[in-house]
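# Coordinate inspection notes
This is what each chain is made of:
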Amino acid sequence: MAYDQGNVFARILRGEIPCRKVHEDAHVLAFHDIQPQAPVHVLVIPRGAYASWDDFHEKASDAEQAALMRAVGTVARITGVAATGYRVISNCGSDGNQEVQHLHLHVLGGRPMGRMVARTE
Ligand code: AMP
């Protein structure tokens, strides 16, 4: 899938729209989700232009991939959920119900998160 430079997270990375930053480094930015689904709901994104997990796994450098994984743990400690537990989700593509076409990991916690996948039947 071609990367859309106009997506909302690309605009946040360019500073065109604000975010509530939690953490950043050379490869990663983490900020609070605008519509939190748990007391802690932080999005962790690579600075690089990767549309999805599929795109990222193919094209990102080892340093970028390592930084994204490490940032999840850093965010969990910063927000306090490392002590109580948390869930990490990345929605990929159509069946994954991905809405924003820039790779992001959701870090959710601050309450019991319930079943991993909602029953649909
Ligand atoms: P997904 O369905 O996995 O693509 O998740 C996209 C997430 O981005 C949703 O949880 C939205 O609430 C969140 N979101 C959309 N726009 C913004 C924004 N400007 N700042 C922070 N989070 C946002």
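Structure: see above.
Source: prediction; values computed, not measured.

## Some thoughts on the sheet that holds strand β5 (residues 105-109)
Read across the sheet, five strands follow the order β1-β2-β3-β5-β4 without closing on themselves; strand pairing throughout is antiparallel. Whereas interior strands pair on both sides, the edge strands pair on one side only; in this sheet they are β1 (21-24) and β4 (86-89). Across the sheet, the axes of successive neighbouring strands diverge by a mean angle of 20°, strand direction being ignored. Pairing between strand β2 (residues 28-32) and strand β3 (residues 40-46): five bridges, direction antiparallel. In the strand pairing of β3, Ala30 is matched with Val44. Across the face of the sheet, helix α3 (residues 62-79) comes into contact with β1, β2, β3, β4 and β5 while running at roughly 155° to β3.

## Description of the pattern of salt bridges
Taken as a whole and assessed by the stated rule, the structure comprises five salt bridges. Across the pair Lys21 and Glu24 runs a salt bridge, and its minimum N-O distance is 2.5 Å. Between Arg47 and Glu24 there is a salt bridge, and its shortest N-O distance comes to 2.6 Å. Of this pair, Arg47 sits in the loop between β3 and α2 (53-59) while Glu24 is found in strand β1, placing the two residues 23 residues apart along the sequence. Note on Glu24: relative accessible area 38%, which makes it partly exposed.

## Let's talk about the site of the ligand
Lining the immediate surroundings of the ligand are 16 residues, of which Asp33, Asn91, Glu99, His104 and His106 lie closest. A distance of 2.8 Å separates an oxygen atom of the ligand from a polar side-chain atom of His104. Contact with the protein chains covers 87% of the free accessible surface of the ligand, which is 510 Å². Residue assignment for the shell around the ligand shows that the elements contributing at least two residues are α1 (8-13) and β2. If one sorts the elements of the shell around the ligand by residue count, α1 sits on top with three residues. When its residues are assigned to classes, the shell around the ligand shows seven nonpolar, seven polar and two charged.

Calculation rules
- Residues numbered from 1 in each chain as written.
- Predicted model: local features only at pLDDT ≥ 70, side-chain atom pairs only at ≥ 80, totals over all residues.
- Heavy atoms only, no water.
- Pairing = 2+ DSSP bridges.
- Helix = DSSP H or I, 4+ residues; strand = E, 2+ residues; numbered from the N terminus.
- Axes fitted to C-alpha atoms, helices over the stretch in contact; angles between N-to-C directions.
- Contact = heavy atoms within 4.5 Å.
- Salt bridge = Lys/Arg side-chain N within 4 Å of Asp/Glu carboxyl O.
- Buried < 20%, exposed > 50% of the residue type's maximum accessible area, 1.4 Å probe, protein only.
- Near = heavy atom within 4 Å.
- Polar contact = N/O pair within 3.5 Å; in protein donor to acceptor, adjacent residues only side chain to side chain.
- Areas by Shrake-Rupley, 256 points an atom, 1.4 Å probe, with all protein chains shown as cover.
- Nonpolar A, V, L, I, M, F, W, Y, C, P; charged D, E, K, R; others polar.

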